[in-house]
Amino acid sequence: MASKSTQFTVDVENTRHVSINIDSCKQLCEDAFLSSLTSSSMSAEKKKFSDFVSLIRGIVHHEHQTKRDALRKGFDASAGLMPKRRKESLKSDAKSPTEHERLSVQFVTQFCQMMATAEYTLLSATEWDLAMEEDFMFRLPMTIDWAKGGYDVSLLKEFLKKNPELKVGLPTFSERVLLFKRGVTTSTHGDLFIAEKIDLLLEYALKRPVGKVLRKAFGLGFGSSSSKGEESATAAGGPGRSGGKRKVSKIERKTLRRLMPTIASVLKNVHKKLELSEPTFKEVILLYREDKIDAAEAQFLNVPSGAGPLRLKSFQNVPMADLEMVFPGVKICAKFIDYLTNGITMVLVLFSLIWAFITGEALSERAMQLLTVAGGKLSASWANIQKSKANYAAQMSKEVMKKMDSSGFAVLASVSTDMEEQETKEMILAYAAMRGNKSGMTIEELDDRLEQALMDAFGIAVDFDVHGSVKKLVEEGLASKIPGDSGMYQVVPIEKALKKLDKKWDALFEYSSSSKGGGAGSSDKSVLDANAEEDPSKMERDLLLQLANADTERGKEALKLTKKMDELNEKIADASGSLRKVNWRYS
């Protein structure tokens, strides 16, 4: 995401994630890319393309099986979910603290690779600064206690040490927690916002001027123009991360501060309904490790290193300006108006006490009554502030629960599926877009065609990973570069593509000496061939035994048929005798 922004817009990098499901991808391919076929061949083409998609899905799923298993093993070890050994003889299998740390770093590396395949990106320092500039719907003053918030530092610090290219441009808190995000949309909300306008008016009229005076006089940070300013910190590694320049879209950003930047504008709009909008991350995932094991959880976890368990948490539709509320260790502060109203009460009480001492009434009965009242007022004011903070914390918890999607292994399983589906969707979209174009297409033409089709059909702006998808098609033998300097690619016909994929699918498990077949129809022949190679005479004896068994079975069946024929003849004879009696009686 770029840091460039205007008064009411920000530039946001387009995601490479194709957010529609595979069935929608198939429908898009049929409508946008295969509709030029004649009606007589359309039905057959759909059937072939459906088989093409099924084969691609199956092959991709199988190829990622090893990655899924390694990720599950690494997560179980890092999260303390490995079963504890109970027998003394098996203690040698237990992981040492050093081995546990190595497995944890390895898991984080594998997890980041999976997130990249699923088209998630790490939050950069530039994006964090942009988020901290504003407030959206969650306008409570808060701070994140990075030092005492329960974050472990050693794991991610070691990970970034081994991957220094990732550290460049990340926020300083990335040694404690990694934030991944994917997809950007716009959140809107319309209301009068009376309470928020009063808070903003007090900020402009009192908080900022008083804060400016205190900063000059004592170097205090109270009353800064943004309550989040202290959180905006960029890593010393340099400018924002670069992974190739991506296409950007302008997202509307209308917050109260942008719509009403002055006291006059607040007073002018105090009775008007306002429409706010904010860039919103569709999906957010946090990865961090706790610094110690919770006492209540210790009996269920197995973490040899002594650190806490690794955590994965996912959230949906988080406004950029409210991003800090998803972090653990958030401390809620009372609003300026709470401090102001209760502060005025405290000042008046203290002033009354001082005045009593000045006038010599400090030890009188009236002064003692005043002192008692003052103590009660001070206690009540302090209790009101604490109550406000508790209410705000409950409000934040409620908002976080609304955004919370899943945690732990559920996050890992979901992203593993996304990784496979993303690769599948990229391949089938790229193949279908080039299908039927016998003259071939350049990378740029394919990119424009796919992105325009996704925008026309679903209204989503995607920076399609065209280079990666074409590379996968070439590796599978489904596409090739046309000789020459044209830079054009073409795909093989669907019939040839199906044969290639079917051959690869059949060859995933080879138990036959023959390179062909391997299906259910050739299983008996494969067994016989294998037996013949082992011992030809044994195969002959087995065949003779099978023939003898077959003769025995045929004999049994013939005996059963003979018995049935005898029973039938007896019934016919009885019926004939009965019939003769009937004829004699009525003759």
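Up top you'll find the structure we're talking about.
Conventions we followed
Residues numbered from 1 in each chain as written. Predicted model: local features only at pLDDT ≥ 70, side-chain atom pairs only at ≥ 80, totals over all residues. Heavy atoms only, no water. Helix = DSSP H or I, 4+ residues; strand = E, 2+ residues; numbered from the N terminus. Contact = heavy atoms within 4.5 Å. Pairing = 2+ DSSP bridges. Axes fitted to C-alpha atoms, helices over the stretch in contact; angles between N-to-C directions. Phe/Tyr/Trp six-rings, centres within 6.5 Å; stacked < 30°, edge-to-face > 60°. Buried < 20%, exposed > 50% of the residue type's maximum accessible area, 1.4 Å probe, protein only. Lys NZ or Arg CZ within 6 Å of the ring centre and 35° of its normal. Parallel < 35°, antiparallel > 145°, perpendicular 65-115°, else oblique. Nonpolar A, V, L, I, M, F, W, Y, C, P; charged D, E, K, R; others polar. Patch = residues over 30% accessible without salt bridge, like charges linked within 9 Å, V, L, I, M, F, W, Y side chains within 5 Å. Areas by Shrake-Rupley, 256 points an atom, 1.4 Å probe, with all protein chains shown as cover. Salt bridge = Lys/Arg side-chain N within 4 Å of Asp/Glu carboxyl O. Lys, Arg positive; Asp, Glu negative; His and termini not counted. Charge placed at Lys NZ, Arg CZ, Asp CG, Glu CD. Core = buried A, V, L, I, M, F, W, Y, C linked by side-chain atoms within 4.5 Å.

Novice: What's the story with the overall build of the protein chain in this structure? I'm lost.
Specialist: Within the protein chain, the regular secondary structure consists of 18 helices and twelve strands. In the protein chain, the share of contacts with a sequence separation of at least 24, taken over all contacts with a separation of at least 6, comes to 80%.

Novice: Hey, could you run me through the sheet that holds strand β11 (residues 479-481) in this one?
Specialist: Strand pairs in the sheet, formed through backbone hydrogen bonds, run parallel or antiparallel to each other. Read across the sheet, three strands follow the order β10-β12-β11 without closing on themselves; strand pairing throughout is antiparallel. Both outer strands of the open sheet, β10 (441-442) and β11, are each paired with one neighbouring strand and no more. Bridge analysis of β10 against strand β12 (residues 488-491) gives two bridges, and the strand direction is antiparallel. Within the sheet, the bridge partner assigned to Met-441 lies in β12 and is Tyr-489. Contacting β10, β11 and β12, helix α13 (residues 409-434) runs over the sheet at an angle of about 100 degrees to β12.

Novice: Please clarify how the packing of aromatic side chains should be interpreted in this entry.
Specialist: Aromatic rings in a pair are described by how distant their centres are and how their planes are angled relative to each other. In the structure shown here, the tally under the stated rule is twelve aromatic pairs. Geometrically, the ring pair formed by Trp-146 and Phe-173 is stacked, given 4.8 Å between the ring centres and 10 degrees between the ring planes. Here Phe-173 lies in the loop between α7 (164-167) and β4 (177-191) and Trp-146 lies in the loop between β3 (142-144) and α6 (154-162), a separation of 27 residues in the sequence. Both residues of the pair, Trp-146 and Phe-173, count as buried. Between Trp-146 and Phe-327, the ring centres sit 5.4 Å apart and the planes meet at 80 degrees, which makes this aromatic pair edge-to-face. Of the two residues, Trp-146 is situated in the loop between β3 and α6 and Phe-327 in the loop between β7 (310-319) and β8 (330-332); the sequence distance between them amounts to 181 residues. Residue class for Trp-146 comes out buried when judged on its relative accessible area of 16%. Residue classification places Phe-327 among the buried positions, given a relative accessible area of 3%. Aromatic rings pair up to connect Trp-128, Trp-146, Tyr-151, Phe-173, Tyr-288 and Phe-327 into one cluster. Arg-72 extends its terminal NZ or CZ atom over the ring of Phe-409, reaching a point 3.8 Å from the ring centre. In this structure, Lys-254 packs its charged tip against the face of Phe-8, placed 5.8 Å from the ring centre.

Novice: What's the story with unusual backbone geometry in this structure? I'm lost.
Specialist: Among all residues save glycine, negative phi is the norm, and among peptide bonds the norm is trans. Positive phi, normally seen in glycine, also occurs at Phe-193, with a value near 55 degrees. Its identity is not glycine, yet Asn-317 carries a phi of approximately 55 degrees, on the positive side. Structurally, the position occupied by Asn-317 is in strand β7. Asn-317 gets classed as partly exposed once you look at its relative accessible area, which sits at 38%.

Novice: What is the right way to read the packing of helix α1 (residues 22-33) against α13 from this model?
Specialist: A pair of packed helices can be characterised by two numbers: the angle between their axes and the separation between those axes. Orientation of α1 relative to α13, taken along the N-to-C sense of each, is 10 degrees, at an axis distance of 10 Å. One finds that α1 runs roughly parallel with respect to α13. Mapping the contact onto sequence places Ile-22, Cys-25, Leu-28, Cys-29 and Phe-33 in α1 and Glu-421, Thr-424, Lys-425, Ile-428, Leu-429, Ala-432 and Ala-433 in α13. Here the contact of α1 with α13 is composed, by residue class, of nine nonpolar, one polar and two charged.

Novice: Could you clarify how one ought to interpret a negative patch on the surface in this entry?
Specialist: Taken together, the side chains of Asp-566, Glu-567, Glu-570 and Asp-574 present a region of like negative charge at the surface. Locating Asp-574 in the fold gives a position in helix α18 (residues 536-585). Judged by its relative accessible area of 55%, Asp-574 is exposed.

Novice: How should I be thinking about the sheet that holds strand β9 (residues 404-407) in this particular structure?
Specialist: Spatial strand order, β2-β4-β6-β7-β9: five strands in an open sheet with antiparallel pairing. Every interior strand has two partners, whereas the edge strands, β2 (121-122) and β9, have only one. When β2 meets β4, the two strands line up antiparallel, connected through two bridges. Pairing of Thr-121 across the sheet is with Lys-181, part of β4. Running over the sheet, α13 touches β4, β6 (274-289), β7 and β9 and is turned about 100 degrees from β9.

Novice: What is the right way to look at the nonpolar core in this model?
Specialist: When a protein is soluble and globular, its nonpolar side chains tend to lie buried together. Core analysis: the biggest nonpolar cluster contains 45 residues, and Phe-49, Phe-52 and Leu-446 have the highest contact counts within it. When contributions to this core are tallied by element, the ones reaching two or more residues are α1, α2 (39-63), α13, α14 (443-458), α15 (466-475), β12 and α16 (494-506). Once residues within four sequence positions are removed from consideration, Phe-52 is found in contact with Ile-428, Tyr-431, Leu-478, Ile-494, Ala-497, Leu-498 and Leu-501.

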